[in-house]
Amino acid sequence: MPHPPHRPDHAAVLAEVRAVRRAGVVRLRGLDIPELSRIARERLGTPGELPGLAVERLLRDAVAGIGGGSLQTAAEYTLGLAQGTRDWPPADRRRRAAEVYGVSVERFRKHHEVMVLEQITEQVLGLTAADGDSEEDGSAAREATDGPDAPAPDPHHLAPAHRVIKPRVHDRVVPVTLHVHSVDLLRDVDVVVSPSNTYFALPAPYKASVAATLRRAGARTDATGGVVEDRVHDELRDWAARHGIPGRAALPGTVAVTSAGAMAAQGVRRIYHLAVAVPRPGTNDYDVQPADITRAVDRAFTLLADESGRHDPPLTSVCLPLLGAGRGGLPALESFGALWTAVEAALARGAPWDVHLVMRRQARADLVERLLTGRRP
């Protein structure tokens with residue numbers, strides 16, 4: 001009978017990732033990092049390969065899994081994975097990572113660096129979970145396919161970009177569709193939720209956030225890609241003017257509504273902008289409170305119920321990303337917990353909505369599926 005796979009301890013892996021941060025990847029060979037070495041050997045090791053190279057490849061895969069943006073860039077500088085930084089002293093790498101967020105080195109060390117290292121650890125553990133059952137007997141895996149202990153997908157095959165899961169909400173089973181891709185690839189979803197700061201100021205369209213991506217996707221462009229009409233931005237600005245809040249902050253949990261602009265051609269009809277990020281004066285940082293996420297999502301469902309019948313055909317579907325899990329700094333688990341509290345409450349009241357969730361990383365989709373179905377990694 002095969003032995004159960006070893007499950008790495010989160011605290012142990014985090015401690016070793018911290019050790020790599022201090023030493024940099026150039027000194028991996030001399031580090032005491034047994035958990036990372038074992039994971040790299042079992043997952044990526046090839047005969048004759050030096051252990052340090054396998055660990056570096058593991059860390060590069062983990063950082064790449066963050067999905068871009070400031071968080072990934074800061075992670076690359078933090079570990080010395082960015083081009084030309086392998087031999088940088090830890091203080092120089094920390095200073096450059098702090099510049100990515102536009103904060104002081106001390107502020108980065110106390111807040112952002114903690115988030116960065118935890119996200120790297122989460123990705124390492126996510127890669128491990130994806131491989132966890134790969135050595136089990138094939139027939140046993142097939143027998144467990146439909147059970148609660150079904151093995152993770154084969155890491156050598158592409159994971160599905162769409163999956164329908166069926167969590168039980170009170171006394172009924174409710175299908176939820178998981179989209180594992182960028183939000184601008186959504187099709188035929190009536191309402192897409194977008195996180196916003198309390199000023200409803202959209203980020204520049206070239207950035208990687210959900211709000212920036214929706215702004216870019218909703219714009220009308222010419223044959224060269226130049227913006228002819230910044231539709232989502234302009235409508236959100238007009239909404240703020242109509243409600244008397246241009247230039248001042250709305251209360252966290254406020255929901256603003258715009259059309260989806262050019263995304264109407266994809267069957268997306270509305271964007272609900274949820275004010276969940278509170279800017280810190282004089283910095284580039286935000287504070288996101290889970291209670292504000294729950295409140296905003298609950299208001300979005302109330303608004304959907306009010307708006308639905310005024311459209312032809314009625315609005316019936318809504319898609320939500322993880323709110324506050326990017327620049328807001330919330331762990332994915334905490335973000336989803338706050339979001340799902342409101343979704344579950346709406347569904348428990350008998351709401352008829354077709355619920356979709358969108359995220360760019362397979363590891364997060366796996367986490368959400370396990371949370372909603374009770375399946376273990």
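That block above? That's the structure.
Residues numbered from 1 in each chain as written. Predicted model: local features only at pLDDT ≥ 70, side-chain atom pairs only at ≥ 80, totals over all residues. Heavy atoms only, no water.

### Let's talk about the overall build of the protein
Secondary structure summary: the protein contains 12 helices and 12 strands in total. By residue count, 47% of the 377 residues in the protein fall in the buried class. Excluding contacts between residues fewer than 6 apart, the proportion of contacts in the protein whose partners are at least 24 apart in sequence is 62%. Total accessible area on the protein is roughly 18400 Å²; 53% of this is exposed by carbon and sulfur atoms. (Helix = DSSP H or I, 4+ residues; strand = E, 2+ residues; numbered from the N terminus. Buried < 20%, exposed > 50% of the residue type's maximum accessible area, 1.4 Å probe, protein only. Contact = heavy atoms within 4.5 Å. Areas by Shrake-Rupley, 256 points an atom, 1.4 Å probe, with all protein chains shown as cover.)

### Observations concerning helix 12 (residues 362-373)
For helix 12, which comprises 12 residues, the first-to-last C-alpha distance of 16 Å matches the rise-based estimate of 16 Å (1.5 Å per residue) to within 8%. Of the residues one or two after helix 12, G374 is the one with positive phi, at around 80°. (Expected span 1.5 Å × (residues − 1).)

### Section: the side chain of H112
Relative to the assigned elements, H112 resides in helix 6 (residues 105-131). Judged by its relative accessible area of 4%, H112 is buried. In contact with H112, not counting residues within four places along its chain, are Y101, V103, R107 and D285.

### Let's talk about the pattern of salt bridges
With the rule as written, the count across this model stands at 25 salt bridges. In this structure, R231 engages E235 in a salt bridge whose closest nitrogen and oxygen atoms are separated by 2.6 Å. Pair noted here: R231 and E235 are both in helix 9 (residues 231-242), with a separation of 4 residues, about one helical turn. Owing to a relative accessible area of 32%, R231 belongs among the partly exposed residues under this scheme. (Salt bridge = Lys/Arg side-chain N within 4 Å of Asp/Glu carboxyl O.)

### Some thoughts on the pairing of strand 8 (residues 255-259)
Within a regular strand, the side chains alternate between the two sheet faces. Across the 5 residues of strand 8, 5 count as buried, placing the element largely inside the fold. What you see with strand 8 is no split at all: V255, V257 and S259 on one side and A256 and T258 on the other are buried throughout. Here strand 8 pairs with strand 9 (residues 270-279) via 5 bridges, running antiparallel. Bridge pairing in strand 9 links A256 to H273. (Pairing = 2+ DSSP bridges.)

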